[in-house]
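# Coordinates in review
Below are the chains, spelled out letter by letter.
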Amino acid sequence: MGELSSQEPLLLKKENEFNYLKKIPLLVSSTIKGIMWVIFIAWAAFFFVLPTEFGRELQHKTIRATDGTLFGTAGSTFLLFSFPVFMIAFLGIIRLVLSGEDEPQVKKTAKGPKFRLWTFPVLVDGPFGVVTATEMIGVILFSVYIVWAVIMYTIQNVDLLSLFDAHGMKEKSALLLELTGLRFGFIGLICLAFLFLPVARGSVLLRAIDIPFEHATRYHVWLGHLTMALFTLHGLFYVIGWAMRGRLVEELVDWKNVGVANLPGVISLAAGLLMWVTSLPGLRRKNFELFFYTHQLYVVFVVFLALHVGDFIFMMAGAGIFLFMLDRFLRFFQSRKTVDILSATCFPCGTVELVISKPANLDYNALGWIFLQIRELSWLQWHPFSVSSSPLDGKQHLAILIKVLGDWTEKLKGNILNLSVEQSETEPLLQHNRKITASVEGPYGHESPYHLTYENLILVAGGIGISPFLAILSDILHHINDGKPCLSRNILIVWAIKNSDELPLLETVDMEAICPLFSDKLNLEIQTFVTRESQPPLEEGKTPKAMQPSISPGFKGCRMSGLVGTGNIVWSGLYVVVSTIGLVITTASLNIFYVNPFNVYYWWYKGLLLIGCMAASILIFGGLVIALWHLWERKTSSKEESEDDTKKVDILQHQNEASLPKSFGEARFVNNIRYGQRPDFQEIFGSHAKSWGSVDIGVIVCGPPTLQTSVAKECRRQNLQRRGHQAIFHFNSHSFDL
C-alpha cells in the first residue's frame, strides 16, 4: 500500500512533464513572433535613420560590401530593403505550421475587462473611416516619417546647392526643385515598399499577423493615396524645374542608358495617375467597372517603373511586388477551375443563396468570404461575398447570400428563375445541360476565429450584413454542441432591415437542429428593426416563406480548388520559399552567364531583366510547387471519393433543408421585431452593459459605412465614460466593400 502511494507523485510528475512538452510548440511560436517583431521594428527604424548621416553611411557601407560581387549594388539594396520582408514571411510560415493544427486559443485568462488597442475606435468620422488606436499609431508613424524625411532632405538639398555650378537665382531655383523632386521620388519608393504587401489576398504575411484581406485593403488604399501623392510631387517638381530651364520636352522624352530614364517614368506615372483618379471614392462608387479595369494598369506601372529606375533602385520595393506576383499567379490557377453550384434559392426580398461545392481539406472561418465569377453573366467581373455558413455545417460545401442590387445580381436572379422554370418543365434526362458555371477565388478572412474568444457578443447588421452573423451563430452553436473551445454565452443580434420580407433570411440557420436545447447553454436575443414599415404585414404572425430552390443540379464532382494562399499552410509556405530561392538562383544565373560576361550596364535593361527574373522564378519554381500541390490535392480528393456516399448525404441534406420550414421561429430565445424604428445604440449598449456586468463585450458590425460609424461612435463613448468595473466594448468590423 505504501509502495503504491510512493509511486503516485512520480506518475503525476510524468503527466505534468508530458503536458509541458505539449506546450513547446506554443512557446516556439511565441518566440518566433517576437523575432518577427524585432526584425520589423529594426527594418522600420532603418527607414527613419536613412535621411540622417548615420543612415547614409550605413547604406554606403553595405553597397561597398557587395560592390563587385555576383549581385552587385542590387544585392545590397535587396539586403537592406527586401530581405527583412522575406525573413518575416519565412518565420511567419514556420509559426503558422507549428500552430496550424491547434485548436484556437479561446480560454478566458483575464480576471476583468481590458482595453485593446486594435479594438478601440479613436477616429469615427473623417476620410479614413473608423480608425482604431493601433491603426492610428500606424498613421501617425507614417506621417511623422514623411515630415521627418522631407525636413532632413530639404536641409541636405540646400547644402548640396553649393556643390553645383549654378549661376543665377532662376537656375538655382530650378536645381533645388529637381533635387526636391528626387527626394519625393525616393520617399515614394519607401511607401511603395509597403503598398503591395496588404493587397496580396492570400499572403502568408497577412496570415501570420492575422489581418484579413478586407482590412488590409484599407491600408492599401491609404498607402496608395500617399504613394501617388509623393510620386505626383516627384514628377511635378521635375516638370517645373525643366520648364524653368527651357528643356521640358527634351527631358520628358529622354531615355538614358546609364542613369534614370525619364520617358519610362512618365509612362509609369501616367498609369499610376489613371489608377489613382479612378479609385477616388466618388468615381469608384459610380463606376466600379472603370475602376476595376484601369487598376489592371498596375502591370504597366510596375514594369515601366523598373525601366525608369533600374534594378538596384527597384529592389527597394521588390519584396512587396514579388509577394504580390506570387499571390496573383496562384489566384490565376484557382480561378480557372469551374465549381458546382449545388443549389440556388431565391428569397422574396430579392436575395439569392448559393451553395457551392468545396473540398473537405479547404478550411475557412465563419467570418470568411470569397470572390465569385459567373461566366454566364460575365467573363471579367468578380464580386466579393461573405460566407453565410459555418465551416462546421459541412465539409463539402459553403453558402453565400447575394443581395440583388445591381445589373450583375439582377441577371443572376433572372437566370436562376428562368432555369428553374425550364428545370420544372424539362425531362430529367435533359436537365444536365442546364446549369450555371461559377469560378471562385478564396476563401479569405481571419486566420483565427476571434468571435469565439468573446463571452459576450453584440452583432450589428444592416440588411444583407446579417450574412456573416448567420455563419457566426451557426459556428458557435456547433462548437457548443460538439464541446469544442468556445467562450460565447451571451449574444445580442441587432438587425436593421428596410422591409419585413427580409426576415426569412434568418431561417437559413436551423438552430435547434444544430444544437438541441441550445438555450440552456446560450443566451440569445435578437432585436430586428424594420425601418420602412410602421406596422406588421396584414398576415400578422406569419413569416414570409422562402421560395423553393430554383436550381438543384446536384453534385458533379467539380469542387473549389485548394490552390489558394489561405489553404494548406505547408504547400502555400513551400510555394513562397521555393519561389524566393528560385529568384535568387535565377538572378545569380543571369549575372553569371549573361550580365557579367557581356558587361551589361544599361540601367533600364537591368531593371527589365530583374522583372523577367521575378516572373521566371514564379513560373518555373513556383509552377513546379503548384503542379505538385495540384497532384497532392487530386490524390487527397480521390481518397475523399471513397466516402462519396457520405458526401452525397451531406450535400443533398443541405439542399433539402433549403426547401423545408425551419424551426428558427419556434426556438427558445427572445426575438423582438420593432416596426418604424431605428436602433438606439446608446440605449441598447447601455442596458446590456448593465445586465452583463464587468465584462469584455465584443462588438462586430457589418453594414454600410454610416452604420459602422454609429456603432464605433457608441463603443468609443461607452469606453470613455466607463467608470469602475463597467463593461468594455471591443469594436470589430466586417466588410466586403472592396
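Residues numbered from 1 in each chain as written. Predicted model: local features only at pLDDT ≥ 70, side-chain atom pairs only at ≥ 80, totals over all residues. Heavy atoms only, no water.

The secondary structure content of the chain amounts to 23 helices and 16 strands. Counting across all 738 residues of the chain, residues that qualify as buried make up 51%. Contacts in the chain between residues at least 24 apart in sequence constitute 80% of all its contacts with a sequence separation of at least 6. With an accessible surface of roughly 35000 Å², the chain has 62% of that area assigned to carbon and sulfur atoms. (Helix = DSSP H or I, 4+ residues; strand = E, 2+ residues; numbered from the N terminus. Buried < 20%, exposed > 50% of the residue type's maximum accessible area, 1.4 Å probe, protein only. Contact = heavy atoms within 4.5 Å. Areas by Shrake-Rupley, 256 points an atom, 1.4 Å probe, with all protein chains shown as cover.)

Counting across every chain of the model gives 11 salt bridges. For R201, the salt bridge is made with E441, and the minimal N-O distance between the two is 2.6 Å. Of the two residues, R201 is situated in the loop between α6 (169–195) and α7 (204–208) and E441 in strand β9 (residues 438–444); the sequence distance between them amounts to 240 residues. The buried category is assigned to E441, whose relative accessible area is 4%. (Salt bridge = Lys/Arg side-chain N within 4 Å of Asp/Glu carboxyl O.)

Turning next to the sheet that holds strand β3 (residues 338–339). The antiparallel open sheet is built from four strands, whose spatial order is β3-β9-β6-β7. Of all the strands in the sheet, the pair left with one neighbour each is β3 and β7 (383–386). Sheet topology note: the strand β6 (residues 369–374)/β7 ladder contains four bridges and is antiparallel. In the sheet register, I370 faces β7, and the bridge partner there is F385. (Pairing = 2+ DSSP bridges.)

Next up on the list: empty space enclosed by the protein. Per the stated rule, a full pass over the model turns up five cavities of 30 Å³ or more. The calculated volume of the largest cavity comes to roughly 110 Å³. As for the largest cavity, its lining consists of G202, S203, V204, L323, L326, D327, L330, G565, S572, Y575 and V576. Of all the secondary-structure elements, those providing two or more residues to the lining of the largest cavity are α15 (318–335) and α19 (569–595). It is α15 that contributes the most residues to the lining of the largest cavity, four residues altogether. Split into classes, the residues belonging to the lining of the largest cavity amount to six nonpolar, four polar and one charged. Counted as a void, the second largest cavity has a volume near 70 Å³. The wall of the second largest cavity is formed by 14 residues, among which L206, R207, I211, P212 and G445 lie closest to the centre. Within the lining of the second largest cavity, the residues separate by chemical class into five nonpolar, five polar and four charged. (1 Å grid on protein atoms, 1.4 Å probe; cavity = no way out; pocket = protein on both sides within 12 Å on 5 of 7 lines; lining within 4 Å. Points joined across faces, edges and corners; volume = space filled by probe spheres on them. Nonpolar A, V, L, I, M, F, W, Y, C, P; charged D, E, K, R; others polar.)

So, about the pairing of strand β8 (residues 397–403). Counting buried positions along β8 gives seven out of seven residues, so the element sits mostly inside the fold. Burial of the side chains of β8 extends over both faces: H397, A399, L401 and K403 are buried on one face and L398, I400 and I402 on the other. The sheet contact formed by strand β5 (residues 351–357) and β8 spans seven bridges and is antiparallel. Bridge pairing in β8 places V352 opposite I402.

To continue, consider the packing of helix α8 (residues 213–245) against helix α10 (residues 262–278). Two elements in contact, α8 and α10, have axes whose closest approach is 10 Å; the angle formed by their N-to-C orientations is 135 degrees. Judged by the angle between their axes, α8 and α10 are oblique. You can see that α8 and α10 cross each other, and the crossing is left-handed. For the pair α8 and α10, the contacting residues are H225, M228, A229, F231, T232, G235 and W242 in the first and N262, L269, G272, L273 and W276 in the second. (Axes fitted to C-alpha atoms, helices over the stretch in contact; angles between N-to-C directions. Parallel < 35°, antiparallel > 145°, perpendicular 65-115°, else oblique. Left-handed = near helix turned anticlockwise from the far one by under 90°.)

With that settled, the discussion passes to a nonpolar patch on the surface. Together, L70, F71, V584, I592 and F593 line one region of the surface with nonpolar side chains, adding up to about 450 Å² of accessible area. Within the element layout of this structure, L70 appears in the loop between α3 (53–66) and α4 (72–99). (Patch = residues over 30% accessible without salt bridge, like charges linked within 9 Å, V, L, I, M, F, W, Y side chains within 5 Å.)

So, on to α3. In this model α3 runs 20 Å from its N-terminal to its C-terminal C-alpha over 14 residues, within 8% of the 20 Å that 1.5 Å per residue would give. Taken together, the buried positions of α3 are occupied by G55, Q59, T62 and T66. The arc enclosing the buried residues of α3, seen along the axis, measures out at 65 degrees, which places them on a common side. Turned more than 90 degrees away from the buried face of α3, the exposed residues are E53, F54, K61, R64 and A65. Backbone geometry just downstream of α3 places G68 in the positive-phi region, at approximately 90 degrees. (Expected span 1.5 Å × (residues − 1). Arc of directions from axis to C-beta.)

We now examine the packing of aromatic side chains. For the structure shown, the criterion picks out 41 aromatic pairs. Measuring from ring centre to ring centre gives 6.2 Å for W571 and W632, while their planes differ by 45 degrees; the resulting arrangement is tilted. Of this pair, W571 sits in helix α19 while W632 sits in helix α20 (residues 603–641); the two residues are 61 residues apart in sequence, bridging distant segments of the chain. On the accessibility criterion, W571 (16% relative accessible area) is buried. Through pairs of rings, three or more aromatic residues link up here, namely W37, F40, W43, F46, F47, F81, F142 and F194. Taking NZ or CZ as reference, R201 lies 3.7 Å from the ring centre of F371, over its face. (Phe/Tyr/Trp six-rings, centres within 6.5 Å; stacked < 30°, edge-to-face > 60°. Lys NZ or Arg CZ within 6 Å of the ring centre and 35° of its normal.)

Approximately 1200 Å³ is the volume attributed to the second largest pocket. Element by element, the count of residues in the lining of the second largest pocket is highest for α8, at eight residues. Of the residues in the lining of the second largest pocket, the class split is 26 nonpolar, 13 polar and six charged.

Our next topic: the nonpolar core. If you look at the biggest cluster of nonpolar residues, it comprises 107 residues, and the most contacted ones within it are F314, L354 and L372. Broken down by element, the residue count for this core peaks at 10 residues, all from α6. When residues no more than four places from it in sequence are discounted, the contact partners of F314 are V302, L305, A306, V309, I321, L610, I611 and M614. If you look at the next biggest cluster of nonpolar residues, it comprises 41 residues, including F347, I464, I491 and I497. (Core = buried A, V, L, I, M, F, W, Y, C linked by side-chain atoms within 4.5 Å.)

This paragraph deals with the confidence of the model for the chain. For the chain, per-residue confidence averages 84 on the pLDDT scale, and 86% of positions sit at 70 or higher. Within the model, the stretch residues 645–649 combines pLDDT values under 50 with five contacts to residues more than four positions away or in other chains. Every residue in residues 651–667 is under pLDDT 50, and counting partners more than four places away or in other chains gives 31 contacts. (pLDDT = per-residue confidence, 0-100.)

Let us look at the packing of helix α5 (residues 133–160) against α8. With their axes 12 Å apart at the nearest point, α5 and α8 run at an angle of 10 degrees to one another. Relative to α8, the element α5 lies roughly parallel. Here E135, V139, F142 and I146 of α5 come into contact with α8, specifically with R218, Y219, W222, L223, L226 and L230. Looking at the contact of α5 with α8 residue by residue, the class counts come to eight nonpolar, no polar and two charged.

Before going further, it helps to spend a moment on the side chain of E178. With respect to the secondary-structure elements, E178 resides in helix α6. If we ignore the near neighbours within four places in the chain, the residues touching E178 are F237, Y238, G241, W242, R245 and R247.

Attention now goes to helix α17 (residues 467–482). If you check α17, its first and last C-alpha atoms are 23 Å apart, about what 16 residues at 1.5 Å a residue would give, namely 22 Å. The buried count for α17 comes to 14 of 16 residues, which makes it a mostly enclosed element.

Quick look at unusual backbone geometry now. Along the chain, G442 connects to P443 via a cis peptide bond; the corresponding omega equals 5 degrees. Considering the arrangement of structural elements, one finds P443 in strand β9. Here the phi dihedral of N599 falls at roughly 50 degrees; this positive angle occurs in a residue that is not glycine. Relative to the helices and strands, N599 is located in the loop between α19 and α20.

The next point concerns the environment of T566. Here T566 shows up in the loop between β13 (549–551) and α19. Residue T566 is classed as buried on the basis of its relative accessible area, which comes to 15%. Separated by 365 residues in the primary sequence, T566 and R201 have C-alpha atoms spaced 8.3 Å apart. With residues near it in sequence (within four places) discarded, T566 still touches R201, G202, R207, P443 and Y444. Only 2.6 Å separates the side chain of T566 from the backbone oxygen of P443, close enough to count as a polar contact. (Polar contact = N/O pair within 3.5 Å; in protein donor to acceptor, adjacent residues only side chain to side chain.)

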